[in-house]
Amino acid sequence: MPSPAKQYNSYTYADMLLWDDSARYELYDGELIALASPSTAHQRISRELLFQFTDYLSGKRCEVFSAPFDVRLFEKQGDQPQDVTTVVQPDLMVVCDPKRIDRNGIHGAPDLVIEILSDSSRRNDRLVKFHLYEKAMVSEYWIVDPGNHTVMVHLLQEGFYGSPEVYLPGANISVSVLDGCSVNLNRVFSL
């Protein structure tokens, strides 16, 4: 199947595996969402964050991945692709359990997810994916706003994200899920 057919009301990961076009999609409880190409600023921020995490994680157990990379948030052991109805492609993610990584991406919640806002993703990243990541028990969720040069860090506490810490250029963000890791925002926002 070259691309998703519009007649379906609900999709699964099995459907996504059949599509051979270059477009990117996410599934939110079976609802298909097309993803736009990222802007230049988005790509630069993503590249710098990926570099800083890669540098820190070199030789360590945890791994960092960047989009496009499928994360099947609620997949349970024994689920088949047709059972999976929520698939996201975070801009960046850190996974510390190697058993969660397979040839198709990640099954279950990453330890850290980073989304970089764009005009087309702002609502989904701040609302829909926020709730999906919270429900999936993602320990740390960052929302990077290239326009305002801010990073909102949400930490999971007792099953919920509390009020976020907001960071501005000049700050170093200590990564909660990675002991001794910090991210230099001057480098992230020096576009």
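Note that the coordinates shown come from a computational prediction; the quantities given were computed from them, not determined experimentally.

Rules of the game
- Every chain begins its residue count from 1, and numbering advances along the sequence as written.
- With pLDDT at 70 or above as the cut-off, local features in this predicted model cover only qualifying residues; side-chain atom pairs require 80 or more to be listed or tallied, and sums for whole chains, interfaces and linings still use all residues.
- Computation of side-chain values covers all heavy atoms of the structure but excludes hydrogens and water.
- What counts as a disulfide here is a pair of cysteine sulfur atoms lying within 2.5 Å.
- Helix numbers and strand numbers start at the N terminus; a helix is a DSSP run of H or I with at least 4 residues, a strand a run of E with at least 2.
- Burial classes follow relative accessibility: with a 1.4 Å probe on protein chains only, a residue under 20% of its type's maximum area counts as buried, one over 50% as exposed, and anything between as partly exposed.
- In what follows, residue pairs with any heavy atoms lying within 4.5 Å of each other are defined as contacts.
- The distinction between a cavity and a pocket rests on a 1 Å grid over the protein atoms alone: a 1.4 Å probe fits inside a cavity but cannot get out, while a pocket stays open yet meets protein on both sides within 12 Å along at least five of seven lines, and a residue with an atom within 4 Å of a point counts as lining.
- Grid points are joined across faces, edges and corners, and a volume is the space filled by probe spheres set on the points.
- When residue character is reported, Ala, Val, Leu, Ile, Met, Phe, Trp, Tyr, Cys and Pro are called nonpolar, Asp, Glu, Lys and Arg charged, and the others, Gly included, polar.
- Pairing of aromatic side chains here covers Phe, Tyr and the six-membered ring of Trp, requires ring centres within 6.5 Å, and sorts the geometry by plane angle: under 30 degrees stacked, over 60 edge-to-face, intermediate tilted.
- Multiplying one less than the number of residues by 1.5 Å gives the expected span of a helix.
- Two axes define the bend at a residue: one fitted to the seven residues ending there, one fitted to the seven starting there, and the bend is the angle between them.
- By nonpolar core is meant a set of buried Ala, Val, Leu, Ile, Met, Phe, Trp, Tyr and Cys residues that side-chain atoms within 4.5 Å join together.
- Here a strand pair is declared whenever DSSP counts at least two bridges between the two strands.

### As for the state of the cysteines
Okay, step 1: A complete count under the given rule lists one disulfide for this structure.
Okay, step 2: Each sulfur in the disulfide pair Cys 62 and Cys 96 lies 1.9 Å from the other. On the sign convention where negative is left-handed, the bridge of Cys 62 and Cys 96, at about 105° about the S-S bond, is right-handed. On the criterion of sequence distance, the pair formed by Cys 62 in the loop between helix H2 (40-57) and strand S3 (63-66) and Cys 96 in the loop between strand S5 (92-95) and strand S6 (101-102) is long-range, its members being 34 residues apart.
Okay, step 3: The closest cysteine sulfur to the non-disulfide-bonded Cys 181 is located on Cys 62, 9.6 Å from its own sulfur.
Okay, step 4: Of the residues examined, Cys 181 reaches a relative accessible area of 5% and is grouped as buried.

### Quick word on the side chain of Asn 124
Okay, step 1: For Asn 124, the location among the structural elements is in helix H3 (residues 122-136).
Okay, step 2: Owing to a relative accessible area of 15%, Asn 124 belongs among the buried residues under this scheme.
Okay, step 3: What Asn 124 contacts, discounting residues up to four positions off in sequence, is Tyr 28, Ile 33, Lys 129 and Phe 130.

### Digging into the layout of surface pockets
Remark: the empty space left among the atoms is shown by a probe the size of a water molecule rolled over them.
Okay, step 1: Roughly 400 Å³ of internal volume is contained in the largest pocket.
Okay, step 2: Arg 24, Leu 35, Ala 36, His 42 and Asp 91 are the residues nearest the centre of the largest pocket, which is lined by 26 residues in total.
Okay, step 3: Elements that contribute at least two residues to the lining of the largest pocket include exactly strand S1 (24-28), strand S2 (31-35), H2, strand S8 (112-116) and H3.
Okay, step 4: Its residues assigned to classes, the lining of the largest pocket comprises nine nonpolar, eleven polar and six charged.

### Here's the deal with the packing of aromatic side chains
Okay, step 1: Under the counting rule described, the total for this entry stands at eight aromatic pairs.
Okay, step 2: Their ring planes at 75° and their centres at 5.5 Å tell us that Tyr 11 and Trp 19 sit as a pair that is edge-to-face.
Okay, step 3: For the pair Phe 65 and Phe 69, a centre-to-centre distance of 4.6 Å together with 5° between the ring planes defines the contact as stacked.
Okay, step 4: Within the aromatic cluster, the residues linked to one another by ring pairs are Phe 130, Tyr 133, Tyr 141 and Tyr 161.

### Thoughts on H2
Three or four residues apart is the spacing at which side chains of an α-helix point the same way, because the helix has 3.6 residues per turn.
Okay, step 1: Taking 1.5 Å per residue, 18 residues should reach 26 Å; H2 reaches 25 Å between its end C-alpha atoms and fits that length.
Okay, step 2: Note on H2: the residue one or two positions beyond its end, Gly 59, has a positive phi of about 80°.

### Brief notes about H3
Okay, step 1: Between its first and last C-alpha, H3 extends 20 Å over 15 residues, near the 21 Å set by a 1.5 Å rise per residue.
Okay, step 2: Maximal helix bending in H3 amounts to about 40°, located at Lys 129.
Okay, step 3: Residues of H3 that are buried: Asn 124, Asp 125, Lys 129, Phe 130, Leu 132, Tyr 133, Glu 134 and Ala 136.
Okay, step 4: Taken together, the buried residues of H3 touch S1, S2, S8, strand S9 (140-145), strand S10 (150-157) and strand S11 (160-161).
Okay, step 5: Of the residues flanking the end of H3, it is Met 137, one or two places downstream, whose phi is positive at about 70°.

### Regarding the nonpolar core
Okay, step 1: In terms of nonpolar packing, the biggest core is built from 25 residues, with Leu 49, Phe 53, Val 94, Trp 142 and Leu 178 touching the most fellow members.
Okay, step 2: If you list the elements that add at least two residues to this core, you get H2, S5, S8, S9, S10 and helix H4 (185-188).
Okay, step 3: Setting aside its immediate chain neighbours within four residues, Phe 53 contacts Val 64, Val 94, Leu 112, Ile 114, Trp 142, Val 175, Leu 178, Cys 181 and Val 183.
Okay, step 4: By size, the runner-up hydrophobic cluster in this structure holds 22 residues, among which are Ile 106, Leu 117, Leu 132 and Tyr 141.

### Focus: the environment of Ala 14
Okay, step 1: Within the element layout of this structure, Ala 14 appears in helix H1 (residues 13-18).
Okay, step 2: Separated by 19 residues in the primary sequence, Ala 14 and Ile 33 have C-alpha atoms spaced 16 Å apart.
Okay, step 3: With residues up to four places along the chain from it excluded, the contact list for Ala 14 reads Pro 81 and Gln 82.

### Comments concerning the sheet that holds strand S4 (residues 71-72)
Adjacent strands of a sheet pair through backbone hydrogen bonds, lying either parallel or antiparallel.
Okay, step 1: Pairing is mixed across the open sheet formed by three strands, whose spatial order is S4-S7-S6. At either end of the open sheet lies a strand with only one pairing partner, and these are S4 and S6.
Okay, step 2: For S4 and strand S7 (residues 105-107), the ladder comprises two bridges, and the chain directions are parallel. By the bridge assignment, Arg 72 is partnered in S7 with His 107.

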